[in-house]
Amino acid sequence: MIKVHLKRKIANRIFNGHPWVFKNEVEKIEGDAYPGDIADIFYNDGRFCGRGYINPQSQIIARLLTRKKEDINEQFFYNRIAKAWDYRKKIGYTENCRLIFGEADEMPALIIDKFNDYFVIQTLAYGMDVWKPAIVKALQQIFSPKGIYERNDVPVRELEGLQQQKGFLSASFDTNIVINENGLRFNVDIENGQKTGYFLDQQDNRRAIQHIVKDADVLGAFTYTGTFEIHAAYYGAKSVLGLDISENAVAQANKNAALNGLEKIVHFEAVNAFDVLKKWGKEGRQYDVVMLDPPAFTKSRESIQKAITGYKEINLRGMQLIKNGGFLVTSSCTNLVQPDMFLHTIELAAKDARKKIKQVVFNAQASDHPIIWGMENTNYLKFLIVEVSDK
Ligand code: SAH
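### Focus: the overall build of the chain
The secondary structure content of the chain amounts to nine helices and 20 strands. A principal-axis box enclosing the C-alpha atoms of the chain has dimensions of 70 × 45 × 35 Å. Within the chain, the proportion of its 391 residues that are buried is 56%. Looking at the chain alone, contacts between residues at least 24 apart form 62% of all its contacts between residues at least 6 apart. Between the mean site of the 51 positive side-chain charges and the mean site of the 48 negative ones, the chain shows a separation of 4 Å.

If you want it as structure tokens, here you go:
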């Protein structure tokens, strides 16, 4: 077994249970370590820290799988997936759920989304990728699924020396599937959709708009496949317009509206939201409810300020389009912008728009994406509803 000895001065993160070990926290490695090897990690005083996989090529040189001296084998992966599934069943997320949320499920760099009988997986580090056969076998044993698909077309894999790839991990199947959510139906394109095909993390938040959209004229930007907008129509909005820069997303959103018989109420346009929100604000357009769910805007600590500028701009524009006493529904999906920072950004946007805001709802992601205290990166989604009135 490879042995990794940590330096005396390491981040508290490791003591607090976070599984990542950075290259600059390692004093020495005993043995010839190859990407994906299992290693024992020791604190500087010789105490056992945990067991995990190593990748000498990666800045995150090791990721702990366990703090116990237990065997890492097929059974280990089966047990972890079974445990995560038991947890989802306990908290009531069974039909569609994030079955494995990486570090939060003690499976660093593994994502598994369950869409009824279909599973989409991402193995984002070398040491997890080598266990793909064990993971697939466990899914087969526990769920007897209709299909398993790999969405490893993710740039972050290249930092690990892995290729980007996607394809079937089971017998092939039709990758355009339909899921049920909150009494509605949505097409999910497992092969070509964004990320794993669908954003399950907002599944509870989509219900949170139920009362405020009744009889409202609603504008939704960054709609993707139209989920929030179709919920708005279903909950009684008078009219709904959804915007996305991607023609593909808009085509899928139109399909979803028709699937639910709501195509007379909800419409979609392929445009750049930054441009049209600004333009429509100048033209004096007004809506009862504006919903914003932009992409992360940043993937690195260096560009947090750029992300904050983006969030402020889009929320300021959004607020200017809201009638006195209407509502803003706004999200941010990057863990790099922490909740207090996000709220502060909205506060600044309101100030510049000369609006008063009253908080209605402030949520994180759905509970099938557990937030582990001490692991900041598991607390990533902010979902806020505020009433917006003139000053
Ligand atoms: N609300 C969606 C998820 C949105 S993901 C859901 O719940 O499923 C973010 C979306 O923003 C993506 O679909 C992306 O195509 C879109 N997007 C990115 N930049 C954009 C821009 N400048 N204008 C409009 N849409 C944009």
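What follows continues from the structure just given.
### So, the packing of aromatic side chains
Aromatic ring pairs are described here by two measures, namely the spacing of the ring centres and the angle between the planes. One pass over the full model with this rule turns up 21 aromatic pairs. When the centroid spacing of 5.4 Å and the interplanar angle of 45 degrees are considered together, the rings of tyrosine 234 and tyrosine 235 count as tilted. What makes tyrosine 234 partly exposed here is its relative accessible area of 41%. Grouping aromatic residues by their ring pairs yields a cluster made of Phe222, Phe274, Phe297, Tyr311 and Phe342. The side chain of arginine 206 reaches across the aromatic face of phenylalanine 228, ending 5.5 Å from its centre.

### Points about the environment of glutamine 75
When you line up the elements, glutamine 75 lands in helix 2 (residues 74–91). Spatially, the C-alpha atoms of glutamine 75 and alanine 134 are 8.2 Å apart, while their sequence positions differ by 59 residues.

### Focus on the layout of surface pockets
Here the second largest pocket defines a volume of roughly 320 Å³. Together, 17 residues line the second largest pocket, and Leu65, Thr66, Arg67, Arg80 and Glu106 are the ones closest to its centre. With four residues, helix 2 is the single largest residue contributor to the lining of the second largest pocket. For the lining of the second largest pocket, the per-class residue count stands at seven nonpolar, three polar and seven charged. Lining the lining of the second largest pocket are residues from two domains, each supplying at least three of them: domain 1 (2–66) and domain 2 (74–176).

### Quick look at the nonpolar core
Among the nonpolar cores identified, the biggest contains 38 residues, and Ile209, Val213, Val218 and Val289 are the most heavily contacted of them. When residues of this core are assigned to their parent elements, the largest contribution, four residues, is made by helix 5 (residues 227–234). When residues of this core are sorted by domain, at least three fall in each of domain 2 (74–176) and domain 3 (199–390). Those residues in contact with valine 218 that lie beyond four places of it in its chain are Val213, Ala232, Ala237, Ser239, Val240, Leu241, Tyr287, Val289 and Met291. In terms of nonpolar packing, the next biggest core, distinct from the first, is built from 37 residues, Phe76, Leu99, Ala109 and Leu124 among them.

### A short note on the environment of arginine 157
Tracing the backbone shows arginine 157 in the loop between strand 10 (147–152) and strand 11 (165–168). Take arginine 157: its relative accessible area is 1%, and that puts it in the buried class. Dropping the residues within four chain positions of it, arginine 157 is found in contact with Thr123, Leu124, Asp129, Asn152, Leu162, Gln163, Gln164 and Gln165.

### Concerning helix 4 (residues 132–143)
Under the 1.5 Å per step criterion, the end-to-end length of helix 4 is 16 Å for twelve residues, consistent within 8% with the ideal 16 Å. All of the buried residues in helix 4 are Lys132, Ala134, Ile135, Val136, Ala138, Leu139 and Phe143. Looking one or two residues past helix 4, serine 144 carries a phi angle of roughly 40 degrees, positive in sign.

### Section: the packing of helix 7 (residues 273–283) against helix 8 (residues 304–320)
Helix 8 packs onto helix 7 with a crossing angle of 35 degrees between their chain directions and a minimal axis gap of 9 Å. The handedness of the crossing between helix 7 and helix 8 is left-handed. Of the residues in helix 8, those in contact with Ala273, Phe274, Leu277 and Lys278 of helix 7 are Gly310, Glu313, Ile314, Arg317 and Gly318. Among the residues making up the contact of helix 7 with helix 8, the classes are represented as four nonpolar, two polar and three charged.

### Quick word on the domain arrangement of the chain
We note that the domain assignment places domain 1 (2–66), domain 2 (74–176) and domain 3 (199–390) within the chain. Between domain 1 and domain 2, the C-alpha centre-to-centre distance is 24 Å. Domain 1 puts 14 residues into the contact, and the matching count from domain 2 is 15 residues. It is Tyr53, Arg63 and Leu65 in domain 1 that bury the most area against domain 2; as a group they hold 44% of the surface buried on that side. At the junction of domain 1 with domain 2, the criterion picks out one salt bridge. Taken together, the links from domain 1 to domain 2 amount to six residue pairs in polar contact (both at pLDDT 80 or more). Per-element accounting of the side of domain 1 that touches domain 2 gives the leading share, five residues, to strand 6 (residues 60–66).

### Some remarks on the sheet that holds strand 5 (residues 48–54)
Pairing within the open sheet is mixed, and its six strands lie in the order 2-6-5-4-1-3. Edge positions in the open sheet fall to strand 2 (20–22) and strand 3 (26–30), since each of these has one partner strand only. If you compare each strand with its neighbour and ignore which way they point, the axes differ by 35 degrees on average. Examined bridge by bridge, strand 4 (residues 38–42) and strand 5 share five bridges and lie antiparallel to one another. Within strand 5, the residue paired with phenylalanine 42 across the bridge is phenylalanine 48.

### Description of the site of the ligand
As a matter of local geometry, the ligand sits amid 17 residues, with Gln194, Arg206, Asp244, Ala273 and Asp293 nearest to it. Between the ligand and glutamine 194 there is a distance of 2.9 Å, counted from an oxygen atom to a side-chain nitrogen or oxygen. One of the side-chain nitrogen or oxygen atoms of arginine 206 is found 2.9 Å away from an oxygen atom of the ligand. Protein coverage of the free-state accessible area of the ligand, which is 580 Å², stands at 90%. Here the shell around the ligand is built from residues that sort into nine nonpolar, five polar and three charged.

Cut-off values and rules
- Residues numbered from 1 in each chain as written.
- Predicted model: local features only at pLDDT ≥ 70, side-chain atom pairs only at ≥ 80, totals over all residues.
- Heavy atoms only, no water.
- Helix = DSSP H or I, 4+ residues; strand = E, 2+ residues; numbered from the N terminus.
- Buried < 20%, exposed > 50% of the residue type's maximum accessible area, 1.4 Å probe, protein only.
- Contact = heavy atoms within 4.5 Å.
- Lys, Arg positive; Asp, Glu negative; His and termini not counted.
- Charge placed at Lys NZ, Arg CZ, Asp CG, Glu CD.
- Phe/Tyr/Trp six-rings, centres within 6.5 Å; stacked < 30°, edge-to-face > 60°.
- Lys NZ or Arg CZ within 6 Å of the ring centre and 35° of its normal.
- 1 Å grid on protein atoms, 1.4 Å probe; cavity = no way out; pocket = protein on both sides within 12 Å on 5 of 7 lines; lining within 4 Å.
- Points joined across faces, edges and corners; volume = space filled by probe spheres on them.
- Nonpolar A, V, L, I, M, F, W, Y, C, P; charged D, E, K, R; others polar.
- Domains from an automatic or database assignment.
- Core = buried A, V, L, I, M, F, W, Y, C linked by side-chain atoms within 4.5 Å.
- Expected span 1.5 Å × (residues − 1).
- Axes fitted to C-alpha atoms, helices over the stretch in contact; angles between N-to-C directions.
- Left-handed = near helix turned anticlockwise from the far one by under 90°.
- Buried area = accessible area lost by both parts, 1.4 Å probe.
- Salt bridge = Lys/Arg side-chain N within 4 Å of Asp/Glu carboxyl O.
- Polar contact = N/O pair within 3.5 Å; in protein donor to acceptor, adjacent residues only side chain to side chain.
- Pairing = 2+ DSSP bridges.
- Near = heavy atom within 4 Å.
- Areas by Shrake-Rupley, 256 points an atom, 1.4 Å probe, with all protein chains shown as cover.

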